[in-house]
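Each chain, written out:
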Amino acid sequence: MQRVLITGAAGGIGRRIRPLLRGVYSSLRLSDVVAIEPEQGEEFVKADLADLAAVEQLCQGVDGIIHLGASSVEDAWEPVLQNNIIGGYNVFEAARRQGVRRLVFATTNHVVGFYRRQRTIDHTVMPRPDSRYGVSKAFGEALGRMYADKYGLGVLNIRIGNVWEEPADRRRLSIWISPRDLVQLMRIGLDHPEIHFEVVYGVSDNARAWYDNANAYRLGYRPQDRAEDYAQSATEADLKLPPDPLGEQFQGGGFCTMEFSGDVMKIT
Ligand code: 15L
């Protein structure tokens, strides 16, 4: 693995992983719709992921892709369609056309957000998206399955919880991942010799995790950080949040509450 493309490199995750990946791969190609000042060992190529020809150029000469570029929270249908559905398809298709070997797809806990917090779920559960955003990421996960099985692209789907320097509140004590643990998972996706298609949860070593992340551990993941070390500050931060009796029942939290008009008793 020499040249790695990072889409959506200007976003919150891109900013945090870049310093940890510099020097690991001989060249990082950064892409976004907004300009980025490249550091040593990086180059920047501006591209809109909804433009297939541009994405194909972006993938030229690339060995692996970390695909972050997307609407990263719930949004109206049109941006989700352009950025995540069409953009996602274009990245996988351009990777195939350009002979890219590996693709690490940044998916989300919101693909499974309507599972109740009492449940421990693993990488094989059915999707239960809590938002249009979650549905679009489930689509991306399915693209990964198809491009792996049909075209032999090696794909790792990382269902990311929340990437931050520390867990921001009580819910994040279950789903938080530190930037260095996330980079460890990304490197497994790019470098592990046996990746065909895998799904893992992007969480640190969290005592309150809702996930059985055995698949990540099987692939060699050894998280270095623990949300529980921040239990006090995260619990205190929660006191400042408005009450959300519906969101608190589900793993996806507030994403479940947005626009909710269903029957909560039927979501078992
Ligand atoms: C996500 O998928 C978002 O990208 C991130 O901004 C957070 O909202 C996170 O989920 C979360 O669930 O906390």
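Please refer to the structure higher up on the page.
If you're wondering where the values come from, they're calculated on a predicted model, not measured in any experiment. (Residues numbered from 1 in each chain as written. Predicted model: local features only at pLDDT ≥ 70, side-chain atom pairs only at ≥ 80, totals over all residues. Heavy atoms only, no water.)

Turning next to the packing of aromatic side chains. With the rule as written, the count across this model stands at nine aromatic pairs. Relative to phenylalanine 255, the ring of tyrosine 133 lies with its centre 6.0 Å away and its plane at 45°, an arrangement referred to as tilted. Taken as a pair, tyrosine 133 in helix H4 (residues 132–151) and phenylalanine 255 in helix H9 (residues 254–257) lie far apart in primary sequence, 122 residues in all. Under the relative-accessibility criterion, tyrosine 133 is labelled buried at 6%. Residue classification places phenylalanine 255 among the buried positions, given a relative accessible area of 15%. The rings of Phe92, Phe105, Tyr147 and Tyr151 are connected pair by pair, giving a single aromatic cluster. Just above the ring of tryptophan 164 sits the side chain of arginine 16; from NZ or CZ to the centre is 4.4 Å. Over the ring of tyrosine 115 we find arginine 128, and its NZ or CZ is 5.2 Å from the ring centre. (Phe/Tyr/Trp six-rings, centres within 6.5 Å; stacked < 30°, edge-to-face > 60°. Helix = DSSP H or I, 4+ residues; strand = E, 2+ residues; numbered from the N terminus. Buried < 20%, exposed > 50% of the residue type's maximum accessible area, 1.4 Å probe, protein only. Lys NZ or Arg CZ within 6 Å of the ring centre and 35° of its normal.)

Glancing now at the pairing of strand E1 (residues 3–7). The buried fraction of E1 amounts to four of the five residues, a majority that puts the element mostly inside the structure. Relative to strand E2 (residues 27–32), E1 runs parallel, the two being bridged by four bridges. The partner of valine 4 across the bridge, within E2, is leucine 28. In this region the chain leaves E1, passes through helix H1 (residues 12–21) and returns to the parallel neighbour E2; the handedness of that crossover is right-handed. Summarising the sheet, E1 and strand E4 (residues 64–67) pair through four bridges and their orientation is parallel. In the strand pairing of E4, isoleucine 6 is matched with isoleucine 66. (Pairing = 2+ DSSP bridges. Right-handed = clockwise from strand over helix to strand, strands pointing away.)

Another aspect to go through is unusual backbone geometry. Of note, the phi angle at glutamate 259 is positive, near 65°, even though the residue is not glycine. One can find glutamate 259 in the segment after H9. A relative accessible area of 60% means that glutamate 259 is categorised as exposed.

Any link to function would need more than the numbers given here.
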